[in-house]
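Each chain, letter by letter, is given below.
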Amino acid sequence: MNIDQFLTHLDTFGADLDQWSDPLERREARAFLLQSLEARQAFESAQKLEALFISDAQNSHKAPKHVLDAINKIAQAHAKQPHANNDNAPVHLTANQPTSWIAREYWPTATAAAIPLILSFAAGVGFGLQPSDFDEGSIEYADINSWVYADSLTESTIEFSAFFPAAQEGLDNDAT
Amino acid sequence: MTYLSDDQLMLKVVSQCADSFTELVSRHVDALHAYAYRLSGNPSTADDLVQETWVKVWTHAGSYKVGRVKLSTWLHTVLHNKFIDHVRKQSKFSRSEDYADLALQAPASFEPEQQSQQQDTIDEFAQLLAQVPENQRAALLLVHRQGFSIGETAEILNLSSTATQSLLARGRRTIRSADTNMRRESHEH
């Protein structure tokens with residue numbers, strides 16, 4: 001092992017030689033450390049660096065109380081019924097029950113969708129289908145209109161043959 | 001009360017058991033917050049990341065596959081992804097600015113002299129971390145501070161083992177270079 005190989009392995013696997021992947025390299029590294037001052041200096045520097053991380057980890061870091069409170073509210077906000085303090089008790093699927101689902105998530109949507117339908121129905125009853133519109137006179141008037149419309153169609157046919165007599169003749173020939 | 005493993009508790013959390021969730025929080029929140037704090041260099045960012053992580057645990061507990069990875073690995077993965085989202089959202093994100101507000105404190109339980117020495121060490125550690133890019137910092141913290149193996153770190157960072165080893169090597173070189181520069185500057189002054 002030369003110094004470049006040692007430094008490469010030191011950077012990759014760190015100063016804990018037991019973590020080096022190849023047992024042969026571990027043995028060679030231990031032997032090289034005895035020979036090379038440069039390797040020893042680099043190794044001690046790496047050990048000091050890692051000691052900083054370990055020292056930081058040993059400081060008993062605590063999450064702030066307000067964070068813990070906020071996290072604990074997550075479950076309380078979602079679970080409708082608090083679970084009993086018994087780990088062997090059956091789990092209540094309160095939040096996943098279909099009725100709860102509908103009540104919480106789908107009713108507002110369903111209500112919003114129903115409002116236009118109800119308003120449309122009310123508008124139809126209120127303006128379009130009042131009982132006074134269904135008297136007999138109206139029905140007769142409607143019937144007369146339909147007759148007039150039928151007459152005008154007949155007249156259109158006559159006018160068409162007046163302008164295009166050849167076509168009319170053709171039609172007559174076909175008929176014969 | 002019967003002791004339940006993390007995996008057993010997670011199975012109950014899938015079924016919306018609030019007590020199991022609280023128990024998991026008490027087991028893992030400090031380690032997660034420490035990681036978030038050192039990774040982001042900002043206490044309020046760490047608070048947000050940890051809260052978002054636990055919201056995800058509660059709402060997506062089913063995505064944790066029991067036996068595939070340790071729960072602590074999965075929790076760190078979730079938090080790391082939240083951190084990446086945070087960095088992407090922060091268009092004006094600046095490492096040095098974020099770390100300028102760093103207020104790491106030595107535990108109050110130490111004696112005054114010991115606390116002063118400890119504070120110096122923590123300050124030095126924070127200054128060194130500030131010089132390292134986020135991905136290298138994450139790899140170094142996960143291996144050397146949080147105690148994960150290279151394989152677990154690769155899982156958390158969503159990298160191959162080789163890429164993680166490369167990241168660690170670059171991180172160590174960066175931090176060594178920063179350490180040398182800091183010592184040189186302190187000698188000059």
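What you see is a predicted model; the values in this text were computed from it and never measured.

### Some points on the overall build of chain B
Counting its secondary structure elements, chain B contains nine helices and zero strands. Looking at the 189 residues of chain B, the share that counts as buried comes to 49%. A separation threshold of at least 6 residues defines the contact pool for chain B, and within that pool the share at least 24 residues apart is 63%. Surface summary for chain B: the accessible area is close to 9,100 Å², and the carbon and sulfur share equals 46%.

### A look at the nonpolar core
Ranked by internal contacts, the top residues of the largest apolar core, which has 54 residues, are F53 and I71 of chain A together with M10, F21, V50, W54 and W74 of chain B. Among the elements that take part in this core, helix α2 (residues 18-40) of chain B stands out by supplying ten residues, more than any other. Not counting chain neighbours up to four residues away, the residues in contact with W74 of chain B comprise M10, V57, H60, S63, Y64 and V69 of chain B. Counting 13 residues, the second largest nonpolar core, distinct from the first, contains L10, L17, W20 and A39 of chain A.

### A short note on the packing of aromatic side chains
Aromatic ring pairs are reported here in terms of the distance separating the ring centres and the angle at which the planes meet. Under the definition given, this model contains seven aromatic pairs over all chains. Ring centres of F13 of chain A and W20 of chain A lie 6.4 Å apart, and the angle between their planes is 40°; on these two criteria the pair is classed as tilted. Taking the relative accessible area as the measure of exposure, W20 of chain A reaches 0% and is therefore buried. Ring centres of F53 of chain A and F125 of chain B lie 4.9 Å apart, and the angle between their planes is 85°; on these two criteria the pair is classed as edge-to-face. Taken together, the positions of F53 of chain A in helix α3 (residues 37-58) and F125 of chain B in helix α6 (residues 112-130) put the pair across two chains. Each member of the pair, F53 of chain A together with F125 of chain B, is buried.

### Structural notes on the environment of Q8 of chain B
Residue and element names in this part refer to chain B. Within the secondary structure layout, Q8 lies in helix α1 (residues 6-14). The class for Q8 is partly exposed, based on a relative accessible area of 39%. Counting along the chain gives twelve residues from Q8 to S20, while the straight-line C-alpha distance between them is 8.9 Å.

### Focus: α3 of chain A
Helix length check: α3 of chain A (22 residues) gives 31 Å between terminal C-alpha atoms against 32 Å at 1.5 Å per residue, within 8%. Taken together, the buried positions of α3 of chain A are A39, A42, F43, A46, L49, E50, L52, F53, S55 and D56 of chain A.

### A short note on the environment of S40 of chain B
Residues and elements named next belong to chain B. Mapped onto the secondary structure, S40 falls in helix α2. Separated by 90 residues in the primary sequence, S40 and A130 have C-alpha atoms spaced 9.4 Å apart. Among the polar contacts made by the side chain of S40, one reaches the main-chain carbonyl oxygen of N42 at a distance of 3.2 Å.

Cut-off values and rules
- Residues numbered from 1 in each chain as written.
- Chains lettered and ligands numbered in written order.
- Predicted model: local features only at pLDDT ≥ 70, side-chain atom pairs only at ≥ 80, totals over all residues.
- Heavy atoms only, no water.
- Helix = DSSP H or I, 4+ residues; strand = E, 2+ residues; numbered from the N terminus.
- Buried < 20%, exposed > 50% of the residue type's maximum accessible area, 1.4 Å probe, protein only.
- Contact = heavy atoms within 4.5 Å.
- Areas by Shrake-Rupley, 256 points an atom, 1.4 Å probe, with all protein chains shown as cover.
- Core = buried A, V, L, I, M, F, W, Y, C linked by side-chain atoms within 4.5 Å.
- Phe/Tyr/Trp six-rings, centres within 6.5 Å; stacked < 30°, edge-to-face > 60°.
- Expected span 1.5 Å × (residues − 1).
- Polar contact = N/O pair within 3.5 Å; in protein donor to acceptor, adjacent residues only side chain to side chain.

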